[in-house]
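# Structural characterization, general
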Amino acid sequence: MADRATIRRLKKLRQAINLHNHRYHTLDDPLVSDAEFDALMRELRAIEEADSSLVTPDSPTQRIGSAPSERFAEVVHPQPMLSLANAFDGSELAAWHKRAAALLETERFAMVCEPKIDGLAIALTYEDGLLVRGATRGDGARGEDVTPNVRTINTVPLVLLGKPPRRMEVRGEVYFPRDAFARMNEERAEAGEPLFANPRNAAAGALRQLDPRITASRRLDVWVYQLGWTENGDGAGTHEPATHSEVMAWLGGFGLRVNPEMTTVASLDEAEAYHERWLGRRAEVNYQTDGIVIKIDRRDFQRHMGFVGREPRWAIAYKFPAEQATTRLLDIRVNVGRTGTLNPYAVLEPVQVSGVTVKQATLHNEDDIRRKDIRVGDVVIVERAGEVIPQVVGPVLEFRTEAQVRYEMPERCPVCSTPVVREEGEAAHRCVNARCEAQAYERLKHFVSRGAMDIEGLGERLVGVLLDEGLIEDFPDIYGLEHAQLAALDRMGEKSAANLIAAIEASKRRPLAAIISSLGILHVGGETAELLARRFGGVPRLADAAQDDLESIDGIGPIVARAIVAHFENEGNGRIVAELEAAGVRLESDETPAAATPQPFDGLRFVVTGRLETFTRSQVEAYIKERGGAVSSGVSKKTDYVVAGADPGTKRDDAERLGVATIGEAELVELASAEGP
Ligand code: IVH
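Residues numbered from 1 in each chain as written. Predicted model: local features only at pLDDT ≥ 70, side-chain atom pairs only at ≥ 80, totals over all residues. Heavy atoms only, no water.

### Quick notes on the overall build of the chain
When helices and strands are counted, the chain shows 25 helices and 24 strands. For a compact globule of 677 residues, the expected C-alpha radius of gyration is about 26 Å, and the chain comes in at 29 Å, within 12% of that figure. Its C-alpha atoms give the chain principal-axis dimensions of roughly 80 × 70 × 50 Å. Looking at the 677 residues of the chain, the share that counts as buried comes to 49%. If you take every contact in the chain between residues at least 6 apart in sequence, the share linking residues at least 24 apart comes to 68%. For the chain, the exposed area adds up to about 32,800 Å²; of that, 49% sits on carbon and sulfur atoms. Between the centroid of the 82 positive side chains of the chain and the centroid of its 105 negative side chains there is a distance of 5 Å. (Helix = DSSP H or I, 4+ residues; strand = E, 2+ residues; numbered from the N terminus. Rg over C-alpha atoms; globule rule 2.2 N^0.38 Å. Buried < 20%, exposed > 50% of the residue type's maximum accessible area, 1.4 Å probe, protein only. Contact = heavy atoms within 4.5 Å. Areas by Shrake-Rupley, 256 points an atom, 1.4 Å probe, with all protein chains shown as cover. Lys, Arg positive; Asp, Glu negative; His and termini not counted. Charge placed at Lys NZ, Arg CZ, Asp CG, Glu CD.)

### Overview of a nonpolar patch on the surface
A contiguous nonpolar surface patch, about 310 Å² in accessible area, is contributed by Leu-130, Val-132, Leu-158 and Val-159. Position of Leu-158 relative to the elements: it lies in the loop between helix H4 (147-150) and strand S7 (167-175). (Patch = residues over 30% accessible without salt bridge, like charges linked within 9 Å, V, L, I, M, F, W, Y side chains within 5 Å. Salt bridge = Lys/Arg side-chain N within 4 Å of Asp/Glu carboxyl O.)

### Remarks on the packing of helix H12 (residues 437-448) against helix H13 (residues 460-468)
For the pair H12 and H13, interaxial distance at closest approach is 10 Å and the crossing angle is 135 degrees. Of the possible angle classes, the one that applies to H12 and H13 is oblique. Here H12 and H13 pass one another in a crossing that is right-handed. Listed contacts from H13 to Ala-440, Tyr-441, Leu-444, Lys-445 and Val-448 of H12 are Glu-460, Val-463, Gly-464 and Leu-467. Taken together, the residues of the contact of H12 with H13 break down into six nonpolar, one polar and two charged. (Axes fitted to C-alpha atoms, helices over the stretch in contact; angles between N-to-C directions. Parallel < 35°, antiparallel > 145°, perpendicular 65-115°, else oblique. Left-handed = near helix turned anticlockwise from the far one by under 90°. Nonpolar A, V, L, I, M, F, W, Y, C, P; charged D, E, K, R; others polar.)

### So, unusual backbone geometry
In this structure, Glu-105 takes a positive phi of about 55 degrees despite not being glycine. Relative to the elements of secondary structure, Glu-105 occurs in the loop between helix H3 (90-104) and strand S3 (111-117). In this model, Ser-417 sits at a positive phi of 65 degrees, which is unusual for a non-glycine residue. Turning to its location among the elements, Ser-417 is positioned in the loop between strand S18 (391-395) and strand S19 (420-421).

This is the structure in structure tokens:
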């Protein structure tokens, strides 16, 4: 018999888990990290396992997920959509493998290792090769009919290739590609809209939009990882492959998007190595992963092993260490960026997140702090997704007491004490003092950086020293520096001073786009600078451009256009341009502006895939862009050419399916000269 304290704990756990399930699945707005949720589930399972009389049908251990929201039609899954058991370390994985070996009465069985995609499960039903339904998992037994939304996902084939079974359901994971997610948040930030905290929740939100046009604009993607069920009908003559790996290849042949990273392994050691390798590579791919999935390859073995509860015995999720953690928010401070923006950041009680100690995290802007209702003193969720700077996802409201205080942005710049302003339609507070020291430092750091004037030997530290010594105040002063002044500085010899003078000299002939980017115009990064360079051919013409002129450029919206006009209207900025010119910095491009010279790839869209021989990935992208072309990440009907190297993967198949031409590197180069002016 369990004691009273255990029963109380059991009730608390169930309550908390139900709440978190609802927040996560129905509201797409979780309160705790996955790791913490897993910990609660494990504790509950342990209590129930110790005394099975405590298990009730309504315990969260007896089902997965939560009920679908009422906005969509309900779908009853012909076969339940299951969950996976987790292993959090090597010994848990070994225990799983040992049990499998005992059930199969052999240790010789192949397994398939594949990335565990951190998105949301989807079931796609095809009849006579046509997509007839897309459904979410819901609680595993019943999900939501989201067919119109699923149809907007470019990589979900509406029609299958080849000879699929008459009726078939495949399962996979819908996710938000990292680049599309970052782009969306950039656009939202520019438009002053609240940002999405992480791709998984944004994907769930997008897939469950009542208006499919919104889903379409979010550019979701899918990986198919399982065959649900098939029904062959009379005489269809399709027979299913005998192993999971063959099934995946078979599904790939129908045009379904199957992850090429799936690998068959023969031993536990190899599975461990795969996990280890992915842990190091997870930031490189365009999707979020939270572990790997290991599945026993032979399907007759799978059938023999069966299920326990809602989890197959023949598969296991081998999780990565959590990318989220909770900690105490000690303080909110601001630093001043190079455009004068006041950037609030969180000072945190140090916490380990995916193997790194995090002490600070960004908080974006005041609206974001308000929207998430983050207060100083809160327990907050901190996230490190990929190589992104740590973010505060939100507070854990259950820990909220009276003690936490709302945050107010400072009224004055913390560096120069000038009153800050917040322009209408802008999310950021700004120090508008052009002579603010903090801005000067940040602006100069940006000016000399690699993507801008690229002055080698003039790093952050030296910029600080030159400012402190009063040798420079703004960009043009760099060109007045003398050898003797530099050589006299601490940690600077004759030789380094001479090298630096040479580097400064060389920077006078940087490409126009780099110069435009170096000016530190609000909202103008490298890509926009390239558009501007191509259109105007020189800084003086850009400085004279009218708002309409700027907005007529594909890729430049009203906010960016306004920022450019405002930049050059500022007297100080105008003077800087004149002084740079007087110092001998070339402000014109060698080429005539694009309006006059057609480029060979004008208006063409390319997708690059596979390993190329003569170009690296960034070289080929630069090659295409320099010639007026655009490079996108996914193949669509709008793509003109897919440039494919070795091991091209699914993009080449996509091209074939959509009738898009596939070319090699040599043909790309030929095309540049053939279509050239
Ligand atoms: S197989 C019967 N493979 O993880 C097992 N699931 O935690 C069916 N997931 O509901 C799942 N990547 O949404 C499988 N490569 C993968 C996966 C994967 C992500 C998700 C899936 C599942 C959840 C279980």
